[in-house]
Structures are given as C-alpha cells and as structure tokens.
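One-letter residues, chain by chain:
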Amino acid sequence: MSPAKTLTVALLHPLLTVACGDDASGLALAHRAKRRDLDVEVVTVHGATPIPDADIYLLGGSGHAGVPKLAEQLSASTVFTDRVAEGAVVLAVDAGLDALGRGIVDERGRIIGPGLGLLGFTTKRGRSVSEPVVSEPVPELGLPALGGWVQHRVALRADPDVEPFLTLEVGHGDRGQLDGVRSGHVIGTRLHGPILGRNPEVADVMLAWATGREPQEWEPLPPGPQERARDLRAEEDRAAGRRVRDLRERVAETRKSLLRV
Amino acid sequence: MRESTVSGPHVTAAPTLRERAAMALADTASLASRMLGKGKGEIIGGRYALRVAPTLLEKMASGRTSVLVTGTNGKSTVTALVAAALSPAGPIASNRTGANMPDGIVTSLKEDRTSAIAAIEVDEAYLRPVVASTHPRALIALNLSREYTRGVSLARTIDHWQSAASLLTSDTTAIVNTDDPWVQYAFEKAPDICAVAGGLNWTADVTICPACQTLLNGVGEQWSCPGCGREQIKPVWSASDGERVSDLLQEVIVSGPGHNLTVLTSVPGRTAAASVAFALAAADTVGVNLDEAASAIESVLDVDGRYAPFDVDGRRARIIMLKNPAGWTEAIDTALRSDLPIVIYAQPFGPRDTTTIWEVEWERLSDRNVVVSGQRAPDVVACLDAHGISTTIVEDPLDAIRTQPVGDVLVACNYSGFRQLTARLRGLGAIA
C-alpha cells in the first residue's frame, strides 16, 4: 500500500442525542487506527457547524428525543448523504440509528419524528430494556462475540430486505434477538459501551472499509486489554443470563406442577 | 459544628393520626432492616411512611428554615458545608447519610424534629416533590453533567428542574451556578436568583444552548448565546484558591456582596472554593453572620468518610467517589495539581459501570503508571490503554495503595468501589 492519507472521522452532534460514552468511539477508533498504521483525525460537529467531508461518521446516543433534530442536521446539506452514497463509513448507535430510518412512529404507524430516510425501517415503541448484551460472532465481517449494553424502549419495523447487524446471545435486540441494521458501509446498532472501545474488531471493519479493504484482509492483531476486558465481561454476562434463564424455567415448572395439583 | 439535639420542643407541626402511624411504621421497618443486616434502614422506613402518609415530608419540614442542595456532583460536600455555615444560628437537621430521595429525607427530618434549620441534600431527579413539600428558604443548584448510573438524560433533568423552579415564589432564593448555562436555563424563571460563579469543570455537555441549540460563545468564561441572546447572569458570589497551607488545608477566598472572606478548608480539589462560596451564599440568605459561618465551615474535615485520609503503612490515602466524567476529570485535576499518585478502585454496579470513564481525558496523566484495583480493573485498564496510559493491576485495593511511595495517595473509586472500601475500612476501624 502507498503511504495512507489521514482519515477524517467526524463525530456528529453528540449532544443532540445525549451521547453516553458513544463519543469515546472516536478516540477508540483513533487508537485502533494507530495499531493499523493509519493516521486518523477526529473532528466533533456541534450546532450550526456544517458537516465536513469525512471518511467515517460517528453518531449516536441514548436520547431518542433528539432524533428529529439530528435528522434535520444531517439533511441540512447533501454532504452526509452524498458521502454515504460514495461509500463513506457510518457507525450509528441507538438514537443515531433511528435518525437514519424513516422516523419514529406512533401506535398507528404515523410518523411523529421524521428521520433521514436513508435506511428502510421505522422505529416504534417497544419493550423497555436496560441490560448488558453479548452478541453471536459475525464470521463474514471477522467479528467475534461483541459486548456492550443497551438501554431503550424502541423496536424496529424493518423492510424485509433490511439486514440486521447482530444476533444477540445475551440480552434483547430491537427486533427480537436481532440488533440493528447493516447496509453497505453503514452499521447501525443499539450497543453502547462505547462499542468501539470495548470491541476494537468493529473499528477494524470500519477502518478496512474506509481504506478500500475487506475486513478479512487485516493481519490479526494479538488481543489487547480491550479484547481481554470484553471477553471477561461477556463470560460474566453469559453466566448472569444463564442464572436468569434457569430461574425463569424453575418458576415455570413450579407453576406447572402447582396447576397439576 | 454544633450537633443537632433530639430533645427539646418540636418545631414541626403536630402530625395527624395517620402521619403518626406512618412514623411508627417507618421506625419498625428501619429496625427490621437493621436487624436483618440490610443497612441503616432509613430508605425503606421512609418509603413505607410516605406510602401511608404522603403528607409526612411536608409536615416534617414545616416550621423550619430549609436549604436544599441539588446537582450532579458535590451535593454531599456542599450540604455538609451549608449545615456548618448555618450552625451559628442554631441546631441543624440534615440528611448526613446521603439518603437524598424523599424517603431518605423524611427519615432524617423525622428523627430530628427540634432543629429549626434544615440543610437537605436532594437527588437531582427528585427536586420537584422535595421543593413542593419543604417550601425552602434557599435552593442551591450546583451543576449538571451526564451520568449513566440511572440513565437519565440531561434534557430530562432540565425539564424536571424547570418544573421545580416553577413552584418557587419570592420566598425562596435560588442560589444558582450561572457559570453553567444549563443550570441557569433551568432556573431562569425563578423569582429570586442569587448568581454564583460555581465553576464549570466539565464543559463537554453544555457547549450548545439548551434553549435554541446554537453553539454558545465563551463557555467557561462569560457565556452568551448568539442564537437567542441569552447570557450569563453576572455572579454576585465568586471564589478562588488562596494559599495552600498544608497537605490537607487549602485557603479559599470568597467574595460576595459587601464581603471578602478567607476560609480554610480540607475539601480537596478545585471545586472546594466554589463549594465554600455556595455555603456562604446560603448563610447570607438565611441571615447568619458570615464571619461565624466561615469559621464554622473550617471545622468540616470529613464528609461521609470522604476526605479524612486513612493510613496504610505510612500512605495517607484519601478516598474519593466518582460517578461521572466530571468527577473523574476533577480527580485527574487534583492528582495533577497536588502531584498526588492516583490509585483506581472500580467494582461492578450494573451494565454501564465503566462507561463514564471512557469520556475522561486520561491523556493528561500520560507520564504516569496508574495502579488499578477491583473486579472492574480489566475494563479500566482497557480504557486507560486506549488513552495511551500504562497501568498495573493489583488485586487488593489496600495492596494497590501500598505500591505507592509513603505520603499522600488519591484513591479514586467508582460508586460501588467507594461503598465497599469505606465499609471495609470502617470494619478495620481505620475510618470513623
């Protein structure tokens, strides 16, 4: 490869969607880039500052009230949508993901908070979740089981051709056990953590796409503290998940045996 | 500080039969909780009492001059300083244990019905019901920053504070940190505002205008909004650091309307000066002689086991509890400013327990090796490594402290780490 140019990472409006650690994904991406011998510059966009031409966009947070405002900012110019069409990489977490859909809908399916309309889904009210999650691996992206936490009460109503990003082993997704959306170079997920801080392999996928590679082309790196911490935590969360399942099963059995009596 | 006495005539109005029943139930529930070894029992007792008699908090606050203290960071410290600053005027009722939701507050007030003055720490998400019940003489709003222990967004807290502010009459002075644009915004409609330059340690959350989302000018100095024209209310109280008298004592210089006071405090960190200013502003509002208030403040050495150092084989360790990025930033400041070694102790408390530390500028400690302890040490190490900081894990927190040279050590704990470490040290008799 020729000496790589500096990648621009734009962190978009973290305050509008109440980023909860998600803005640290910029730092985590820069850290991983260094291990891949890539130069990264992270810029944060607030308020009326125009969205820059960037190679990677990061957006997200847990504040769903900010979704329409974020969608409005993303569509204030065509820069964002043009760049996405040209193959720029996007990581959209939780409220950031909802801003990329058609919008937030009420019980009757009417849009009450319009989104950007980039992806084929709407967001409706779902069950309230606040828990740790562990995903299944995603072999085609070279991803191991990922870890993070979710906190929301939304569900996706997605078009049939909309692919999820993850299937969860522990915790609840936004479409049953499915989490988020993957479309081209756009990754949408409910996982906070920050996701790139706890799961550097996702940063690898994004850095691969941003430099015209396939994720599998990266030399595997020896696991660092991030991978070790994530794996330890995943073990803990799996064990806790098993305890909850066992308890539920025992309650169900007891109920059945009581009914028989 | 004069200790509150439980004897003497009650200042609160006589409780109704129902309220008396609720109080008896609370005592029973608290006793049961203590006997089962479930803690001090003030929360569970208060919860049952308020369920039986929702009017009990109002009754227990009646007849008193109350000062409320709310915010994300520093509530316990400022409440302790306020209690001290008001003590020249008589005995003070206060929720010193830090149980700061209505159930904990009602228990504290119920246990001391003779003190005519109350200094009450209030959880930022319960401000409205406590304002409605206590009709405070003053309300101190310190700061706002994100934290994820409960997952409440800043926007929701602002809404809640605005609705609390709408209950205020001119009988209440809102003592507001106007350095923080979001705090000022929440209280801008309060009829009587006393502006304090309370500092802004964590600017990341408040760079846009809460009213119109425009990027603010001059955040951290004299802020203003080019979008809607809002600007900082000029503070009438301000404070700065004076001389550092010893390892433990810092001089702070506070100026208010007609006053310039120099106060010694053992409260650490750069928020110390502002905390003293808030306490003196409250004392001034209530009408306490400020020289007496200042000397009473100097007697505060320890807040809930936080500031008094404990000895570990010659290391004088100060334990601090950090719940959000603003708190961690403050800890880094203190470590850098006083050139103290820092040991981190992080224990589990839910899925978000190590998220906040990711947002802190650990880079500022770049030339140090940080010793990390606790079950969440791997997560802390992962975060610090991503920030370019080298670390060593030592399993036991006391052993972690022993790795440091003899002298002062800052022990930065997350919420559960703090609880567990202070409980252990109390068990060992190392702290009161």
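Here the structure is a predicted model, which means the values were calculated and not measured. (Residues numbered from 1 in each chain as written. Chains lettered and ligands numbered in written order. Predicted model: local features only at pLDDT ≥ 70, side-chain atom pairs only at ≥ 80, totals over all residues.)

1. Let's talk about the overall build of chain A
And step 1. What chain A contains, in helices and strands, is seven helices and 12 strands.
And step 2. Taken against the 2.2 N^0.38 rule, which gives 18 Å for 261 residues, the C-alpha radius of gyration of chain A at 19 Å falls within 12% of a compact globule.
And step 3. Counting only C-alpha atoms and orienting by the principal axes, one finds that chain A spans roughly 75 × 50 × 30 Å.
And step 4. The buried share of chain A, taken over its 261 residues, is 50%.
And step 5. In chain A, the share of contacts with a sequence separation of at least 24, taken over all contacts with a separation of at least 6, comes to 70%. (Helix = DSSP H or I, 4+ residues; strand = E, 2+ residues; numbered from the N terminus. Rg over C-alpha atoms; globule rule 2.2 N^0.38 Å. Buried ≥ 20, exposed ≤ 12 C-beta atoms within 10 Å, placed from the backbone. Contact = placed C-beta atoms within 7 Å.)

2. A closer look at the overall build of chain B
And step 1. On a plain count of helices and strands, chain B comes out with 14 helices and 15 strands.
And step 2. Its C-alpha radius of gyration of 21 Å places chain B within 12% of the 22 Å reference for a compact globule of 432 residues.
And step 3. Counting only C-alpha atoms, chain B reaches 60 × 60 × 40 Å along its principal axes.
And step 4. Residue pairs at least 24 apart in sequence account for 68% of intrachain contacts in chain B once pairs closer than 6 positions are excluded.

3. Regarding the interface of chain B and chain A
And step 1. Contact residues are listed per partner, giving 26 residues for chain B and 33 residues for chain A.
And step 2. Residue assignment for the side of chain B that touches chain A shows that the elements contributing at least two residues are helix H7 (154-165) and helix H12 (377-386) of chain B.
And step 3. At seven residues, the largest contribution of residues to the side of chain B that touches chain A is made by H12(B).
And step 4. Here the residues of the side of chain B that touches chain A are counted per class, giving 12 nonpolar, eight polar and six charged. (Nonpolar A, V, L, I, M, F, W, Y, C, P; charged D, E, K, R; others polar.)

4. Thoughts on the sheet that holds strand S14 (residues 390-393) of chain B
All names here are of chain B.
And step 1. If you trace the six strands from one edge of the open sheet to the other, you get S10-S11-S15-S12-S13-S14, paired in mixed fashion. The sheet is open, and its two edges are formed by strand S10 (310-312) and S14, each paired on a single side. Across the sheet, the mean angle separating the axes of adjacent strands is 35° when strand polarity is ignored.
And step 2. Taken together, the four bridges between strand S13 (residues 369-373) and S14 define a ladder with parallel strand orientation. Bridged to Val372 within S14 is Ile393. (Pairing = 2+ DSSP bridges. Axes fitted to C-alpha atoms, helices over the stretch in contact; angles between N-to-C directions.)

5. Re the packing of helix H9 (residues 272-286) of chain B against helix H10 (residues 290-297) of chain B
All names here are of chain B.
And step 1. Packing of H9 against H10 brings their axes to within 10 Å, and their N-to-C directions diverge by 140°. Here H9 is positioned oblique relative to H10, judged by the angle of their axes. Our pair here, H9 against H10, has a crossing hand that is right-handed. Residues Val276, Ala279, Leu280, Ala283 and Asp284 of H9 form the contact with H10, whose own contacting residues are Leu290, Ala293, Ala294 and Ile297. (Parallel < 35°, antiparallel > 145°, perpendicular 65-115°, else oblique. Left-handed = near helix turned anticlockwise from the far one by under 90°.)

6. What about the nonpolar core?
And step 1. Ranked by internal contacts, the top residues of the largest apolar core, which has 114 residues, are A:Ile56, A:Tyr57, A:Met206 and B:Val411.
And step 2. The element best represented in this core is helix H6 (residues 200-210) of chain A, accounting for eight residues.
And step 3. Contacts of A:Tyr57, omitting those with residues within four sequence positions, involve A:Ala10, A:Leu12, A:Phe80, A:Ala88 and A:Val90. (Core = buried A, V, L, I, M, F, W, Y, C linked by C-beta atoms within 7 Å.)

7. Observations regarding the sheet that holds strand S9 (residues 259-265) of chain B
Residues and elements named next belong to chain B.
And step 1. Reading across the sheet, the three strands line up as S7-S8-S9 and stay open at both edges, with antiparallel pairing between neighbours. Since the sheet does not close on itself, it has two edges, and those belong to strand S7 (238-244) and S9, each with one partner. Strand after strand, the sheet turns through a mean of 25° between neighbouring axes, direction not considered.
And step 2. Pairing geometry for S7 and strand S8 (residues 250-256), over five bridges, is antiparallel. Bridge pairing in S8 places Ser238 opposite Ser255.
And step 3. The strands that H9 touches are S7, S8 and S9; relative to S8, the one it contacts most, it runs at about 45°.

8. Side note on helix H1 (residues 24-35) of chain A
Residues and elements named next belong to chain A.
And step 1. An ideal rise of 1.5 Å per residue puts 16 Å on 12 residues; H1 measures up with 17 Å between its terminal C-alpha atoms.
And step 2. For H1, the tally of buried residues reaches nine of 12 residues, placing the bulk of the element in the interior.
And step 3. The set of residues buried in H1 consists of Ala24, Ser25, Gly26, Leu27, Ala28, Leu29, His31, Arg32 and Ala33.
And step 4. Following H1 by one or two positions, Asp37 has its phi on the positive side, about 55°. (Expected span 1.5 Å × (residues − 1).)

9. Let's talk about the pairing of S13(B)
All names here are of chain B.
And step 1. The pairing of strand S12 (residues 342-345) with S13 spans three bridges and is parallel. By the bridge assignment for S13, Tyr345 is matched with Ser373.
And step 2. For the crossover from S13 across H12 to S14, the handedness is right-handed. (Right-handed = clockwise from strand over helix to strand, strands pointing away.)

10. Considerations on the environment of A:His31
All names here are of chain A.
And step 1. Structurally, His31 can be placed in helix H1.
And step 2. The class for His31 is buried, based on 21 C-beta atoms found within 10 Å.
And step 3. Put simply, His31 and Pro200 are 169 residues apart on the chain and 9.0 Å apart in space, counted from C-alpha to C-alpha.

11. Regarding the pairing of strand S3 (residues 56-61) of chain A
Residues and elements named next belong to chain A.
And step 1. In terms of burial, S3 is a largely internal element, six of the six residues being buried.
And step 2. Alternating residues of S3 divide into Ile56, Leu58 and Gly60 and Tyr57, Leu59 and Gly61, and every residue in both groups is buried.
And step 3. Bridge count between S3 and strand S4 (residues 89-94): six bridges; the pairing is parallel. Bridge pairing links Ile56 to Val89 in S4.

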